[in-house]
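Below are the chains, spelled out letter by letter.
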Amino acid sequence: MAGSPMPSRAAPRTAALAAAVASAALLLGPAPAAAADPGPPPPTPYLLPLPAGAAPLSSVYGLNNAGDVLGETYLNVPGQFAPRALRWNAHQPGVTVLRPLPGENGTRPSTLNEAGTAVGVSVGTLTDNHPVRWAPDGTPTALELPAGARGGGASAVNNVGVVIGNSYDAAFRPVPVKWRADGTRVDLPLLDGDETGWTTSVNDAGFVIGLSERSLGGESRSRAVLWSPSGEVTELRLPPGIITAAGTRITATGLILGPGRRESGADADRVVAWEADGTVRDVAHGRPGSVNSANTIVGTTSDAAGAEHAARWTLDGTTTLLDDPAGRPTRASAINGAGTAVGFARGPGPYRDSPLLWRPDGTALPLPPSPLGPYAQALLVNESGVIAGDASWHDAPNSRDLPRAMVWKL
């Protein structure tokens, strides 16, 4: 996502100050070289408002290029689990509460598209959920589930209105589902012999990625898969040395990105990429977080001692460690088309992180804190440079730190 240049600020100088400087120059000789340009100032932080009746916490789930932000809060309803999906706009005041389906108690968000259409879950009970799509005006529409399904949810929506998600059978096993823009349900097939699976991402061409899974003697085995727009399923082959991988994001050009694991590795600590032409790559050591339109990947890697470092990769495996101004573990969570990345430096405990912006050259700019205190996480950045994330505030009566949705903008 591309960012726009940020204007610089010049401090006003009085005529008297200018004269004094000129006199000093005559006495002291040639002036030393000017200090390096510190660059544009950081964007300004803003807390996103809460609706009436909400608990004093919220969190961010999605951001589009129009500045629409998708998030969640909880309503103070005695005796009920009452989460509520919310939508804000970074450039306009107010908040829209995304209502549940008739007769249900809550909503939980997944993501939104460029038109502001959001998807997620309408909550009946803790074990009875239904996939839902919200129009830009907040109107909810139920998405049809297969016959006999216990429930389900929607996980993503593309810019032509195709929604993906999962349904759950009586044993709460997930099965992948797609809904066309007109709401028609398409049950996505699994690989031969597999029993369960789920979707993770869809691009505007209608290609869907996810996992197909089977149980072997009580041990699960998952395989990364691609569903074509017509619904055909294909296993994504693994690079040499990788024994398992998952596709978590597919771009407009068909690049698939996800974490993988080598046989000798204890964690999914490899960046794996599948290109549209069939090339599959074990890119580098690390965990991918996001990829931009130029196929630049950001995420987290670690050194021999296990310390985390925010990193940027190209598909040929070139790794750039992003600047760490505080000498603390760092994570990069998103990158836009201009190469601006955002993330945070890890703090001393949950919700005690410090938000960071990395310029395209890899240098860091600490983001200003929210009015609630010094801690926050920068999680998303759009093409115009709007950043969304979660501030942290201290709930003193209960001795805990909790999130609050916020944005940074020029």
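Keep in mind it's a predicted model, so treat the numbers as computed, not measured. (Residues numbered from 1 in each chain as written. Predicted model: local features only at pLDDT ≥ 70, side-chain atom pairs only at ≥ 80, totals over all residues. Heavy atoms only, no water.)

The subject of this paragraph is the overall build of the protein. When its secondary structure is counted, the protein shows one helix and 33 strands. The 410 residues of the protein split such that 47% are buried. Counting only contacts in the protein whose residues sit at least 6 apart along the sequence, the fraction spanning at least 24 positions is 40%. Entry remark: accessible area of the protein is about 19,000 Å², with carbon and sulfur atoms responsible for 55%. (Helix = DSSP H or I, 4+ residues; strand = E, 2+ residues; numbered from the N terminus. Buried < 20%, exposed > 50% of the residue type's maximum accessible area, 1.4 Å probe, protein only. Contact = heavy atoms within 4.5 Å. Areas by Shrake-Rupley, 256 points an atom, 1.4 Å probe, with all protein chains shown as cover.)

Here we take up the sheet that holds strand S32 (residues 387–395). Reading across from one edge, S1-S33-S32-S31 is the order of the four strands in this open sheet, with antiparallel pairing throughout. Two strands bound the open sheet, and with one partner strand each, they are strand S1 (44–47) and strand S31 (376–381). Neighbour to neighbour, the strand axes of the sheet diverge by 35 degrees on average, direction disregarded. As paired strands, S1 and strand S33 (residues 400–409) are joined by four bridges and run antiparallel to one another. In the strand pairing of S33, Thr-44 is matched with Lys-409. (Pairing = 2+ DSSP bridges. Axes fitted to C-alpha atoms, helices over the stretch in contact; angles between N-to-C directions.)

On to the pairing of strand S8 (residues 128–134). Pairing between strand S7 (residues 118–125) and S8: seven bridges, direction antiparallel. Each residue of the ladder has a partner; that of Thr-125, found in S8, is Asp-128. Across three bridges, the pairing between S8 and strand S9 (residues 140–142) is antiparallel. Following the sheet pairing, Arg-133 is matched in S9 by Thr-141. A loop of five residues connects S8 with S9, the two strands running antiparallel in sequence, and Gly-138 in this loop sits at a positive phi of about 95 degrees.

To continue, consider the pattern of salt bridges. Counted according to the given criterion, the structure contains 14 salt bridges. A salt bridge links Glu-308 to Arg-331, with the shortest nitrogen-to-oxygen separation between them at 3.0 Å. Here Glu-308, found in strand S25 (residues 308–313), pairs with Arg-331, found in strand S27 (residues 330–335); they are 23 residues apart in sequence, far enough to count as distant. When its relative accessible area of 30% is taken as the criterion, Arg-331 is described as partly exposed. Note that Asp-401 and Arg-352 form a salt bridge whose closest N and O atoms lie 2.9 Å from each other. On the criterion of sequence distance, the pair formed by Asp-401 in strand S33 and Arg-352 in the loop between strand S28 (341–345) and strand S29 (354–358) is long-range, its members being 49 residues apart. Owing to a relative accessible area of 16%, Asp-401 belongs among the buried residues under this scheme. (Salt bridge = Lys/Arg side-chain N within 4 Å of Asp/Glu carboxyl O.)

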